[in-house]
Amino acid sequence: MRLFSRIREWMILLFLCSGCGVDGTDPFALFDTWHHPDNLFSFAYLSPPWMHHGDSTDTHPVMVVQVYDELTEGNMGSRMRLEAWSQPDMAIRELSAERYRFWKRAGYQVSPVVSYLHFDGMEGLEVVARFSAHHVHEVFFRCHAGTVAFSMWVHGDDRNGDAALLLSSFRPGRCGGADDL
Amino acid sequence: MTYEPVETRGVVLRGVLGFLGILLWTVTVSATQVRCPVCHQLFPREVEVCPHDGTDLKILGRVEQRGKSEDGTDTEAADAPEDSTASDPDGTRQGQPVPKYQRHDIGGARKRMDVSPEDDVGDVERRDRLLRLKDARAGWTPPTVDAGSSSDEDHRRRQEALLAEYGTAREQSAADRQRRASQQDLEKERRRRERDALFSAHVPAVSMGSRLFFMGEGDSPGVTPGVEVDANLIRTNVRVGLTSFVGVRHIGNRRDLLFQENIALGIQHPWHLSPFLLFRAGLGVMLSERFGEQNAYLVRTIGVDVGMDCRIGKMLMLSPSIGYTRLAVSAAGWDTVSLKVSVGF
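Residues numbered from 1 in each chain as written. Chains lettered and ligands numbered in written order. Predicted model: local features only at pLDDT ≥ 70, side-chain atom pairs only at ≥ 80, totals over all residues. Heavy atoms only, no water.

Enquirer: So, the pattern of salt bridges: which residues are in play, and what are the values?
Expert: Residues and elements named next belong to chain B. Applying the stated rule across the entire model yields 21 salt bridges over all chains. Of the charged contacts in the structure, one is a salt bridge between Glu228 and Arg211, with a shortest N-O distance of 2.8 Å. Here Arg211 lies in strand β4 (residues 206-214) and Glu228 lies in strand β5 (residues 223-235), a separation of 17 residues in the sequence. With relative accessibility at 1%, the residue Glu228 sits in the buried group. Residue class for Arg211 comes out buried when judged on its relative accessible area of 3%. Of the charged contacts, one joins Arg326 and Asp335 as a salt bridge, the two residues approaching to 2.9 Å between their closest N and O atoms. Assessed through its relative accessible area of 51%, Asp335 is described here as exposed. Here the salt bridges share partners, and the residues they tie into one network are Arg211, Glu228, Asp230, Arg280, Asp305 and Lys340. (Salt bridge = Lys/Arg side-chain N within 4 Å of Asp/Glu carboxyl O. Helix = DSSP H or I, 4+ residues; strand = E, 2+ residues; numbered from the N terminus. Buried < 20%, exposed > 50% of the residue type's maximum accessible area, 1.4 Å probe, protein only.)

Enquirer: I'd like a description of the pairing of strand β3 (residues 41-45) of chain A, backed by residues and values.
Expert: Residues and elements named next belong to chain A. Burial of β3 is extensive: five of the five residues sit out of reach of the surface. Across the two faces of β3 the burial is the same, with Phe41, Phe43 and Tyr45 and Ser42 and Ala44 all buried. Where strand β2 (residues 32-35) meets β3, four bridges bridge the pair, whose relative direction is antiparallel. When the bridges of β3 are listed, Trp34 appears paired with Phe43. (Pairing = 2+ DSSP bridges.)

Enquirer: If you had to explain helix α2 (residues 92-105) of chain A to someone new, which residues and values would you point to?
Expert: Residue and element names in this part refer to chain A. Here α2 is 14 residues long and its end C-alpha atoms lie 20 Å apart, about the 20 Å a rise of 1.5 Å per residue gives. Of all the positions in α2, only Ile92, Leu95, Ser96, Arg99 and Trp103 are classed as buried. The buried residues of α2 occupy an angular sector of 95° when projected down its axis, which confines them to one face. Those residues of α2 that are buried are in contact with β6 (78-87), β7 (109-110), β9 (123-131), β10 (134-143) and β11 (146-155). Of the residues flanking the end of α2, it is Gly107, one or two places downstream, whose phi is positive at about 90°. (Expected span 1.5 Å × (residues − 1). Arc of directions from axis to C-beta. Contact = heavy atoms within 4.5 Å.)

Enquirer: Requested: an account of unusual backbone geometry, with residues and values cited.
Expert: Residues and elements named next belong to chain A. For the bond from Ser47 to Pro48, the omega torsion is -10°, close enough to zero to count as cis. The residue Pro48 is located in the loop between β3 and β4 (51-52) in this model. At the junction of Pro48 and Pro49, the peptide bond is cis and its omega measures out at 15° in the coordinates. Of note in this structure, Asn39 is not a glycine but carries a positive phi near 60°. Mapped onto the elements of the fold, Asn39 is located in the loop between β2 and β3. At Ser132, a position not held by glycine, the phi torsion is positive, near 55°.

Enquirer: An account of the nonpolar core is requested, with residue identities and associated values reported.
Expert: Residues and elements named next belong to chain A. Judged by nonpolar contacts, the single largest core of 42 residues is most densely connected at Phe43, Trp50, Phe150 and Phe170. Apart from residues no more than four positions distant in its own chain, Phe150 is found in contact with Phe43, Leu82, Glu83, Ala84, His137, Glu138, Val139, Leu166, Leu167 and Phe170. In terms of nonpolar packing, the next biggest core, distinct from the first, is built from 14 residues, Met90, Leu125, Ala129 and Phe140 among them. (Core = buried A, V, L, I, M, F, W, Y, C linked by side-chain atoms within 4.5 Å.)

Enquirer: Explain the pairing of strand β11 (residues 332-344) of chain B to me, and be specific about the residues and the numbers.
Expert: The side chains of a regular strand alternate, first on one face of the sheet and then on the other. Relative to β11(B), strand β1 (residues 22-23) of chain A is paired through two bridges, and the arrangement is parallel. Following the sheet pairing, A:Asp23 is matched in β11(B) by B:Gly333. In terms of strand pairing, β4(B) meets β11(B) through six bridges, oriented antiparallel. Residue B:Ser207 lies in a different strand from β11(B), and its bridge partner there is B:Gly344.

Enquirer: Help me get a handle on the confidence of the model for chain B, residues and values and all.
Expert: Residue and element names in this part refer to chain B. Here chain B shows a mean pLDDT of 77. Residues at 70 or above account for 72%. Scored below 50 in pLDDT, residues 75-92 shows 21 contacts in the model against residues more than four places distant or in partner chains. Here the complex is predicted with pTM 0.55, and the ipTM for its interfaces comes to 0.74. (pLDDT = per-residue confidence, 0-100.)

Enquirer: Any details on the side chain of B:Asn262? Residues and values, ideally.
Expert: Within the fold, B:Asn262 resides in strand β7 (residues 254-268). Relative accessible area serves as the criterion here: at 0%, B:Asn262 is assigned to the buried category.

Enquirer: Can you tell me about the side chain of A:His134, naming the residues and giving the values?
Expert: The topology assignment puts A:His134 in strand β10. Here the side chain of A:His134 touches A:His155 through a polar contact of 3.0 Å, side chain to side chain. (Polar contact = N/O pair within 3.5 Å; in protein donor to acceptor, adjacent residues only side chain to side chain.)

Enquirer: Could you give an account of the interface of chain B and chain A, naming the residues involved and the relevant values?
Expert: Facing 25 residues of chain B, the contacting portion of chain A comprises 29 residues. Together chain B and chain A conceal approximately 2,300 Å² of surface at their shared face, both sides included; 59% is due to carbon and sulfur atoms. Across the chain B-chain A interface, the total number found is one salt bridge. Measuring nitrogen to oxygen at the nearest pair gives 3.3 Å for the salt bridge that ties A:Asp162 to B:Arg290. For the pair chain B and chain A, the interface holds five residue pairs in polar contact (both at pLDDT 80 or more). Top contributing element to the side of chain B that touches chain A by residue count: strand β9 (residues 293-312) of chain B, with six residues. (Buried area = accessible area lost by both parts, 1.4 Å probe.)

Enquirer: Would you mind going over the sheet that holds strand β12 (residues 171-172) of chain A in detail, with residue names and values included?
Expert: Either a parallel or an antiparallel arrangement is found when strands of a sheet pair, and the pairing is made through backbone hydrogen bonds. With antiparallel pairing, three strands are arranged side by side in an open sheet as β2-β3-β12 (chain A). Two strands close off the open sheet at either side, each with one partner strand: β2 and β12 of chain A.

See the structure below:
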């Protein structure tokens, strides 16, 4: 009888407190948030399907979606891949230019570096590259410790806009801006 | 003309003597009476059966001289009651024995009115005599009694017979009570079925309809139309049912498939228009394509519906309702207002 009453109490609590924490209309309501240990940046991810890659570290998270071996054209080994990191010794323009050259060398069609406006009002730079069905979106923000970068590699079309939503969730912790653009 | 002398004297004398003899015989015979041994009433000798009790006076009657019995006592004095003067005030019976009983055929109250004249009067009188006297003198023979029987044994037998009769009566009474109880139960069951049938006639057993609510996300309102099937298991003043919902949530280009199974419990007033108030709680699954993969989320729902079942024709019922539903997926919750229209059978 005690077990039944416990179960009943838990069921009542479960239903009464269901969804008490987060407003469901928030686009990131079902997402988890990853924070840099030094609060340099943060981003939201949905798990599942996102999972940590083996190369992921506390300061350089790498996450992938739908790992498979067939897709090796970009040496990504998955359908989606994201990584975030910080470059304390580089300015935002230097880092964006380096990434532009990187994707250029990889054979991607890289669009010129453009400015990126976060929905919070922060400004940054964006690099967009494309190769076949692969799409790359990278954003850069200035931080007090240098530059923070967020890169998302997607195979296929982002029909639902989930990749763009996830990209928009990236923000520097102690934000600066594009002062040295 | 001469007359020859004849011995008229002797003839006359013989005639007179003969007449006297006849007269004396007649007087003697007519003066003889018969007393009934039962009612002690005197009757003329020509009466063969006592009119009071049917006693055969020819055999059992005691012959007495008028005014004297066989033992020489004065019968008239003995038969005459003390109030004979009161019973014969006009003196018409003077010189005659006053009967103890009033004859029914003269003026008494013993005449049986329930016997038709066509019946055998003798037989009727004999049966009447048996009923009244019930002794051997009326010709009734007592039943044969066993030599070994005693009054105690008879008493015991009567007691056993009474107990057996009492037991039989108790069993009969118990059986009657049980029969009445079963009849009452059947009556209650019949009334309950009639009531349920009356209520069920105005509440659909199964209904199918469409529910629309908004489960937004970001800028998208999250329009979620769906099909809902209701099965009402209990349709009295209390309604208990199951509700299955299948819908599609539209978020931009994304389409989430939503399944819900709810238990509905509420009250209603079955009538031609049956309003109801239902509380719903249930579980469900939301299949959502996120980042190119199908993800399943557990959905918990709790809500309330207010509506009305409206009968259309003999078979169909239209049930519009409006409801509030709280949906929860993990830690996220949605407060939704739903509209529902269903057709029931």
